[in-house]
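# Survey of secondary and tertiary structure
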Amino acid sequence: MSSFNIHGVPVSNGIAIGKAHLISNALLEVIHYQLDKNQVSSEIKRLSLAMNEVRKDLLKIKKQLQKDSSDEFSAFIDTHLMILADKNFSEKPKEIINKDSCNAEWALKKQMDFFISKFDKIEDEYIKERKNDVIQVVERILKVLLGHPSQSSQISKGNSAILVAHDISPADALQFKKHQYAAFLTDMGGSTSHTAILARSLNIPSIVALQNARDLIKNNEQIIVDGNQGIVIINPSKEILKEYHVRQNLWGIEQQKLSKIKNIQSKTLNNEKIELLANIEVPGDMDSVKDNGASGIGLFRTEFLFMNRKELPNEEEQFKIYKSVARSMKGKTVVIRTLDSGADKLTSADTTISANPALGLRAIRLCLSEPQLFNIQLRAILRASKFGKIKILIPMLSSLSELRQTKLLIERAKKSLNNQKILYNNNIKIGGMIEVPAVAINADLFAQELDFLSIGTNDLIQYTLAIDRTDDRVSHLYNPLHPAILKLINITIKAGKKYNKEVSICGEMAGDFKLTKLLLGMGLRHFSMHPSRILSVKKQVLNSNTQKLLPWSTKILKTKESENIETLIHKMNQ
Ligand code: PEP
Ligand code: MG
């Protein structure tokens, strides 16, 4: 077995040593896990129920299409129904579950791959095309299965398995939160894609944009993941293995040292208090928020509550979740961002997918076009506001009119609660995400109509530099230190200062300790980041004097080339 290295973009630090666990290579990546013999029959039943549910859905759609006289489309549905009725399609996966004691998703994919290989050999273009129908039916069933995960999906893979995937969606990555992997590797993705953000929140070393790791690495091969440098070493020699065991220990010691500053107040050398808040995706992240001593939640990405399920969470369910987060923060700030669905974060609220989803009907645009759905969330947040210091954050604003419409809907939700005599905080603060360049340029106008501003640098960079944050082929162009980005951040911080409104950064830049001094010098006093980044940023804060940093950042803001900016930041950090 020859040893070799591959390089990618590191998204979560640390070192892991373990065995590769490859996940399926098709359109929808699925996890493979082994069942106990006594779980097999309920797994087969789970698959049958999912297939039945899809059949019922298809029949419902067909009825609707016939009503609308869309015969052409109802023929498509007939094809899907026929595929579902085919014994080879519906019964074979059950035999696979029985024979291999594997999960339903895996069995279904295995059978689909078998079909695809058959279709690929067929010359006739028409029949060949039917392959896509099979894939679509499988996707429908997988969607239902994901909405109803089996008990056994909680089964741990043991803590030394390293997940290797070609690409996975944020919704699938969310599933991995339930598994104990030692590291996470993907071929695709940029460092601020939502898949990478979720990988980071798994608190394990992660590397994305590895290009062809999925093809080069074999199941069960021993690998070292160096999440600090973005290197994967496959089949390491004894010497390298020994060296990495030492590095792993040293890394552990570093982390332990950092934990000592957890309870120290986040203050600069010249006594300025700096707020270090946490970003969360699901309530389960709260442990990590506490473990790292966050001073509150600066961004609750609520869209993750809407993923991997068929029915959207109702008002009561959302209310309970928001209330529990607010309560557990005991009066500390909790910024709840309204649904930022769309682009790469798909939920069942997204009924259509556009050619350019990042520029399409996402976030506040989607909510304004679905006022019913938005009202449910607004009422749930308002009701929970009675139980803590909750603030509302609006994602992806691009105009003042959107902001005004949103405020109107918040007022309407308040009125409906008044009518029902339901209590809430009438003074709840409303903030806006600054992530569209048009809004950053006009930040002073938004600062006048909002209570606080939160800069979403992940999207701000994507939209300003015209670089898809999920596309690994352009990830080298994704540059937080581009002078235009620093200029837009500076404009926003100044606007906040002028109108006495809090400005925070909640994009990944806030959690990069190498940028902490620069941002402090630019006047930023509120940072919100993944909890695991808080202590390394705090370490920088404790060593900073904002007055001394000001001339540095002034000079950096006048610098034209990002390479020179990087050199200056390096000197500033010494
Ligand atoms: C951002 O865009 O910087 C941000 C924080 O939001 P998200 O990453 O969820 O798009
Ligand atoms: Mg964003």
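Within any chain, residue numbers begin from 1 and follow the written order of that chain's sequence. Chains and ligands are labelled sequentially in the order written, the chains with letters from A and the ligands with numbers from 1. With pLDDT at 70 or above as the cut-off, local features in this predicted model cover only qualifying residues; side-chain atom pairs require 80 or more to be listed or tallied, and sums for whole chains, interfaces and linings still use all residues. Just so you know, side-chain values use all the structure's heavy atoms and leave hydrogens and water out.

### Focus: the site of ligand 1
This is how it is decided: In these notes, residues near a molecule or strand are those with any non-hydrogen atom within 4 Å of it. Distance and chemistry together define a polar contact, namely a pair of N or O atoms within 3.5 Å, with one atom able to donate a hydrogen and the other to accept it when in protein, and with adjacent residues in sequence counting only for side-chain atoms on both sides. Secondary structure elements are defined from DSSP: runs of H or I of at least 4 residues count as helices, runs of E of at least 2 residues count as strands, and each element is numbered from the N terminus. Think of it as three bins: nonpolar holds Ala, Val, Leu, Ile, Met, Phe, Trp, Tyr, Cys and Pro, charged holds Asp, Glu, Lys and Arg, and polar takes everything else, Gly as well.
The local shell around ligand 1 holds 17 residues, among which Arg301, Arg337, Gly456, Asn458 and Arg469 are the closest. Take Asn458: an N or O atom from its main chain is 2.8 Å from an oxygen atom of ligand 1. In terms of residues, the shell around ligand 1 owes the most to one element, helix H18 (residues 457-465), which gives three residues. The class makeup of the residues in the shell around ligand 1 is four nonpolar, five polar and eight charged.

### Points about the coordination of the magnesium ion (ligand 2)
Where we set the bar: Donor selection uses N, O and S atoms within 2.8 Å of the metal (3.2 Å for Na, K and Ca). Since no water is included, sites may look incomplete. Buried means the residue's accessible area, taken with a 1.4 Å probe over protein chains only, is under 20% of the maximum for its type, while exposed means over 50%, and partly exposed covers the values in between.
Distances from the magnesium ion (ligand 2) to its protein donors, namely Glu435 (OE) and Asp459 (OD), fall within the range 2.0 to 2.2 Å. Here Asp459 lies in helix H18 and Glu435 lies in the loop between strand S13 (429-434) and helix H16 (437-441), a separation of 24 residues in the sequence. Of the two residues, Glu435 and Asp459, neither departs from the other in class, the shared state being buried.

### A few points about the pairing of strand S8 (residues 231-234)
Heads up, the condition is: Should DSSP find at least two bridges between two strands, the strands are regarded as paired.
Alternating positions in S8 separate into two faces, Ile231 and Ile233 on one and Val232 and Ile234 on the other, with burial throughout. Note that strand S1 (residues 4-7) and S8 share four bridges and pair antiparallel. Bridge pairing in S8 places Phe4 opposite Ile234. The pairing of strand S7 (residues 222-226) with S8 spans four bridges and is antiparallel. If you follow Ile223 over to S8, its bridge partner there is Ile234. Adjacent in sequence and paired antiparallel, S7 and S8 are bridged by four residues, among which Gly230 carries a positive phi angle near 75°.

### Topic: the pattern of salt bridges
Put simply, the test is: What makes a salt bridge here is a side-chain nitrogen of Lys or Arg within 4 Å of a carboxyl oxygen of Asp or Glu, nothing more.
If you walk through the whole model with that rule in mind, you get 26 salt bridges. Of the charged contacts, one joins Asp340 and Arg337 as a salt bridge, the two residues approaching to 3.4 Å between their closest N and O atoms. Residues Asp340 and Arg337 agree in their burial class; the two are buried.

### So, the nonpolar core
Defined as follows: The criterion is simple. A nonpolar core is a set of buried Ala, Val, Leu, Ile, Met, Phe, Trp, Tyr and Cys residues joined through side-chain atoms within 4.5 Å. Working rule for contacts: check all heavy atoms of both residues, and any pair within 4.5 Å makes them a contact.
One finds Ile297, Phe300, Tyr322, Ile489 and Phe527 to be the most contacted residues of the largest nonpolar core, which totals 93 residues. Tallying contributions element by element places helix H14 (residues 371-384) first for this core, with seven residues. What Ile489 contacts, discounting residues up to four positions off in sequence, is Ile455, Thr457, Leu460, Ile505, Met509, Leu519 and Met522. If you look at the next biggest cluster of nonpolar residues, it comprises 55 residues, including Val54, Leu58, Leu84 and Ile116.

### Let's talk about the domain arrangement of the protein chain
Spelled out, the test is: An automatic or database domain assignment is the source of the domain bounds shown. A quick way to say it: buried area is the sum, across both parts, of accessible area lost when two parts are put together, with a 1.4 Å probe.
Domain assignment breaks the protein chain into domain 1 (4-234) and domain 2 (268-573). If you average the C-alpha positions of domain 1 and of domain 2, the two centres end up 31 Å apart. Listed by partner, the interface residues are 26 residues for domain 1 and 22 residues for domain 2. Across the domain 1/domain 2 interface, buried area totals approximately 2,200 Å², and carbon plus sulfur atoms make up 51% of it. Together, Thr192, His194 and Arg200 form the three largest contributors to the area buried by domain 1 at its contact with domain 2, with a combined 27%. Counting across the domain 1 and domain 2 interface gives one salt bridge. We note a salt bridge from Arg200 to Glu508, for which the minimum N-O separation is 1.9 Å. Between the two partners, domain 1 and domain 2, sit seven residue pairs in polar contact (both at pLDDT 80 or more). Elements supplying a minimum of two residues to the side of domain 1 that touches domain 2: strand S2 (9-12), helix H1 (40-67), helix H6 (125-147), helix H7 (170-176) and helix H8 (194-201). If you tally residues by element for the side of domain 1 that touches domain 2, the top one is H8, at five residues.

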